[in-house]
Amino acid sequence: MAETIESLIQTYADRYSAHDAEGVAELCEAPFLAIREGVAIHMADHDAVREHFAGMMNAYRGQGATLWIPITIEAHQTGDFAVFATVRWNATDEDGEILRDTRTTYHLLGGDGGWRFLSYTNHF
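What you are looking at is a predicted structure, and each value in this text was computed from that prediction instead of being measured.

Along the chain, the regular secondary structure elements total 3 helices and 6 strands. For the chain, the succession of helices and strands along the chain, N to C, is α-α-β-β-α-β-β-β-β. Computed over its C-alpha atoms, the radius of gyration of the chain comes to 14 Å, within 12% of the 14 Å expected for a compact globule of 124 residues. By principal-axis analysis of the C-alpha atoms, the chain measures approximately 40 × 30 × 25 Å. Expressed as a percentage of the 124 residues in the chain, the buried residues total 39%. Pairs at least 24 apart in sequence give 47% of the contacts found in the chain among residues at least 6 apart. Computing the positive centroid from 8 side-chain charges and the negative centroid from 19, the chain places the two 4 Å apart.

This is the structure in structure tokens:
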């Protein structure tokens, strides 16, 4: 399990760093839920998920973030087909300076097609 979760998180990081909102949305189930600063953001379909991630990527890019690096991944299996994974992220600028050091918890669903994101909660 750990290897496939790590692989999924790295794929997510690569696509996020490449500013590939469609690619990130392809890793997600819809409807999708994001919790940011204590506010629930409900996304009913794939297009809403893609637009959400595009907006987040644009905001972080505007702050100079160019690379997202998963520093640690702590996964907790919750049955045969679900995992909560908390990732400590570093976002760096083009010079490698850390702009953000943050944590996000993801709820993942496993199935025949592999692991997919159901939701995330930012820890800020």
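The 6 strands lie next to each other as 2-1-6-5-4-3, forming an open sheet whose pairing is mixed. Only two strands of the sheet have a single partner each, and these edge strands are strand 2 (39–43) and strand 3 (67–77). Across this sheet, the average inter-strand angle for adjacent strands is 25°, counted without regard to direction. Examined bridge by bridge, strand 1 (residues 28–36) and strand 2 share 5 bridges and lie antiparallel to one another. Among the inter-strand pairings, leucine 33 is bridged to a residue of strand 2, identified as histidine 42.

Turning next to unusual backbone geometry. In this structure, proline 31 follows alanine 30 across a cis peptide bond, with omega equal to 5°. Tracing the backbone through its elements, the reader meets proline 31 in strand 1. Look at histidine 19: it is not a glycine, yet its phi comes out positive at around 60°. Residue position: histidine 19 is located in the loop between helix 1 (2–17) and helix 2 (21–25). Residue class for histidine 19 comes out partly exposed when judged on its relative accessible area of 25%. Of note in this structure, glutamate 37 is not a glycine but carries a positive phi near 55°.

Calculation rules
Residues numbered from 1 in each chain as written. Predicted model: local features only at pLDDT ≥ 70, side-chain atom pairs only at ≥ 80, totals over all residues. Heavy atoms only, no water. Helix = DSSP H or I, 4+ residues; strand = E, 2+ residues; numbered from the N terminus. Rg over C-alpha atoms; globule rule 2.2 N^0.38 Å. Buried < 20%, exposed > 50% of the residue type's maximum accessible area, 1.4 Å probe, protein only. Contact = heavy atoms within 4.5 Å. Lys, Arg positive; Asp, Glu negative; His and termini not counted. Charge placed at Lys NZ, Arg CZ, Asp CG, Glu CD. Pairing = 2+ DSSP bridges. Axes fitted to C-alpha atoms, helices over the stretch in contact; angles between N-to-C directions.

Everything listed here is a matter of geometry and, on its own, says nothing about what the molecule does.
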